[in-house]
Amino acid sequence: MTQSRIIVVGAGIGGLTAGALLAKRGYQVRVFDQAIVPGGCASTFKRRGFTFDVGATQVAGLEPGGIHQRIFSELGVELPKATYCDPACAVYLPGESEPISVWRDPERWKAERSRQFPGSERFWQLMAVLFRASWAFQGRDPVLPPRNFWDLSQLIKALRLDTLTTVPFTLMTVGDALRLFGLGQDNRLKKFLDLQLKLYSQVDADETALLYAATALGVSQSPQGLFHLEGSMQVLSDRLVEALEKYGGQLLMRHTVKEINLDSRGASSVVVYSQKTGEIWTETADNIVANVPVQNLTKMLVFQGMQESLGQKLYRQRVAKLPPASGAFVVYLGVKQSAIPAHCPPHLQFLYDWDGEIGENNSLFVSVSRPGDGRAPEGMATITASSFTDTEIWSNCEDYLALKERYASEAIARLGQYFHLTPETIVYREAATPSTFTRYTGRDRGIVGGVGQRIPTFGPFGFATRTPVPHLWLVGDSTHPGEGTAGVSYSALTAVRQIQSFKF
Ligand SMILES: Cc1cc2nc3c(=O)[nH]c(=O)nc-3n(C[C@H](O)[C@H](O)[C@H](O)COP(=O)(O)OP(=O)(O)OC[C@H]3O[C@@H](n4cnc5c(N)ncnc54)[C@H](O)[C@@H]3O)c2cc1C
């Protein structure tokens, strides 16, 4: 058993998964997180008997063979109880009273999309072929993008004949595929894809890499699926903390890592600030795993008496040139059950055609609690509605509180078109802006959801878990395969395997 010391910066799902797996595999692990509760964007907060999921509300990868299931099985902890989201989402386009329901049953979804988007089946068939090949490839744990011979060997091992079918599509976007099938002018289909893809890839159909989109859209159908956790999203991190501690790892909350020090050997220590005692100290480690956005990482590096290498300089420049990432504006409502229409799906997406301040793409993604799912007292429910927003608006505004109030009122007015929202049915309301996300998750400018799955930043061209600094690893939604609790768990597993492959 190795006694190599690992420091993990951040107890998001990525950091906790990496920490727990490393502890299980015999490493001495210490996880530092600047927040009060672990889980980052997938944590929760409680107000007046309601439990609100901060960001993530749906979980992929809990099915047999799914990434969370595999990792929980290795860790020997119970998989959180969950139910399928079926439909995964009900999408309302402007002026339409009937939603496009993304059903879990593949045949039912096929019938739905044929009805909703006549003439598009060849496009969906291509997506299905690419999904099957990409999913099977990812399930064989490739290391993407490869940065050394070991990484390359893992990538090659994961290749099969069917993986080669995806290769010609590597440089295509969803927009390219739509044009290929003569669907470039199908505005309704385009709107639907823009809405769904923005959730998963940060960008619209014209920019999203086709192979990424095939995976993101295909995962909602059986035998995979999206899940709604019983209790709250916090259960996921609680179980990972349980595993970390079971194998001797330590989690220190309210401890901010101010700097990551690099010497001639690579990453060697971190400077930690305890918010509890005010103490600041330097802690050394053999490996440092950073569970922060890549934009945070480059700002944390401190070169101790040595020059930045060319590779490190290019990495920093690449990060600086990334297109601006979006932030999130989220409204959390605790409501009486009477506010929720009968047969309300648990997840909805609304696109609006009326102008207002809110949202980069004029839409809201909404998650509604289910009776008895642990989020609301009896006879009550929670509604969480999020939209993407430009982070600059919030850092440069003159009256932050007034802006926040305007956004919240507008979001509630929009939600009021579907839900029965009145002063009597709204029991509690709160909102989060990019400034809130900066404060509670430490994320640079409150950006959410990774670097965007455009061609230059997805899969083979994305950010690797192996950084150009020896002994420094990056896990989380900036790295392959991208955002979401399932995505960041893959990146954690990759970094753990890479650390293990290293001979001390
Ligand atoms: C509104 C919203 C809705 C979403 N919906 C979904 C969804 O339905 N399903 C889904 O799968 N995903 C969803 N996501 C995305 C998902 O939540 C994230 O991709 C994922 O949780 C990110 O995990 P992570 O481990 O990369 O990092 P994070 O969650 O960002 O965690 C990073 C952790 O590091 C800590 N930290 C940061 N800096 C420091 C420092 N200097 N020192 C110490 N600690 C530090 C933070 O406190 C935090 O706990 C959503 C995100 C948002 C914002």
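Residues numbered from 1 in each chain as written. Predicted model: local features only at pLDDT ≥ 70, side-chain atom pairs only at ≥ 80, totals over all residues. Heavy atoms only, no water.

Caption draft 1: Summary view of the pattern of salt bridges. Following the criterion strictly, the structure yields 24 salt bridges and no others. Here R25 ties to E74 by a salt bridge, and the two come within 2.9 Å at their closest N and O atoms. Of this pair, R25 sits in the loop between α1 (13-24) and β2 (28-33) while E74 sits in helix α2 (residues 67-75), and the two are 49 residues apart along the sequence. A salt bridge links K190 to D194, with the shortest nitrogen-to-oxygen separation between them at 3.2 Å. One end of the pair is K190 and the other is D194, both in helix α8 (residues 187-201) and 4 residues apart, which spans about a single turn. Neither residue differs from the other here; K190 and D194 are each classed as buried. Bridged by salt links that share partners, the residues D176, R179, K190, D194 and D206 form one connected network. (Salt bridge = Lys/Arg side-chain N within 4 Å of Asp/Glu carboxyl O. Helix = DSSP H or I, 4+ residues; strand = E, 2+ residues; numbered from the N terminus. Buried < 20%, exposed > 50% of the residue type's maximum accessible area, 1.4 Å probe, protein only.)

Caption draft 2: Summary view of the site of the ligand. In the vicinity of the ligand, 35 residues are found, and the nearest of them are D33, Q34, C41, Q58 and R443. With respect to the ligand, the side chain of D33 contributes an N or O atom lying 2.6 Å from an oxygen atom. Here N291 contributes a side-chain N or O atom positioned 2.8 Å from an oxygen atom of the ligand. Here the ligand loses 92% of its free accessible area of 1000 Å² to cover by the protein chains. Elements supplying a minimum of two residues to the shell around the ligand: α1, β2, β11 (255-263), α15 (434-441) and α16 (485-501). Here the residues of the shell around the ligand sort into 15 nonpolar, 16 polar and 4 charged. (Near = heavy atom within 4 Å. Polar contact = N/O pair within 3.5 Å; in protein donor to acceptor, adjacent residues only side chain to side chain. Areas by Shrake-Rupley, 256 points an atom, 1.4 Å probe, with all protein chains shown as cover. Nonpolar A, V, L, I, M, F, W, Y, C, P; charged D, E, K, R; others polar.)

Caption draft 3: Broad picture of the domain arrangement of the protein chain. You can read the domains of the protein chain as domain 1 (5-42 + 232-323 + 451-501), domain 2 (106-222) and domain 3 (327-444). Residue-level contacts link 6 residues of domain 2 with 7 residues of domain 3. Roughly 670 Å² of surface becomes buried between domain 2 and domain 3 when both sides are summed, with 69% attributable to carbon and sulfur atoms. If you sort the residues of domain 2 by the area they bury against domain 3, L195, K198 and L199 come out on top, with a joint share of 81%. Here domain 2 is connected to domain 3 by 0 salt bridges. For the pair domain 2 and domain 3, the number of links is 2 residue pairs in polar contact (both at pLDDT 80 or more). (Domains from an automatic or database assignment. Contact = heavy atoms within 4.5 Å. Buried area = accessible area lost by both parts, 1.4 Å probe.)

Caption draft 4: Spatial organisation of the sheet that holds β11. Judged by pairing direction, the sheet is mixed, and its 4 strands sit side by side in the order β13-β12-β11-β15 without closing on themselves. Taken across any chain shown, the strands that pair with only one partner, and hence form the sheet edges, are β13 (280-284) and β15 (301-303). Mean inter-strand twist for the sheet, computed between neighbouring axes without regard to direction, equals 30°. Relative to β15, β11 is paired through 3 bridges, and the arrangement is parallel. For N261, the partnering residue across the bridge sits in β15 and is V302. (Pairing = 2+ DSSP bridges. Axes fitted to C-alpha atoms, helices over the stretch in contact; angles between N-to-C directions.)

Caption draft 5: Local environment of unusual backbone geometry. With an omega of 10°, the peptide bond running from D86 to P87 counts as cis. Omega for the peptide link from S222 to P223 comes to 5°, which places this bond in the cis form. Inspection of the secondary structure assignment puts P223 in the loop between α9 (210-218) and β9 (226-229). One non-glycine residue, R254, adopts positive backbone phi at about 55°. Tracing the sequence through the fold places R254 in the loop between β10 (250-253) and β11. Unlike most non-glycine residues, H471 shows phi in positive territory, near 70°.

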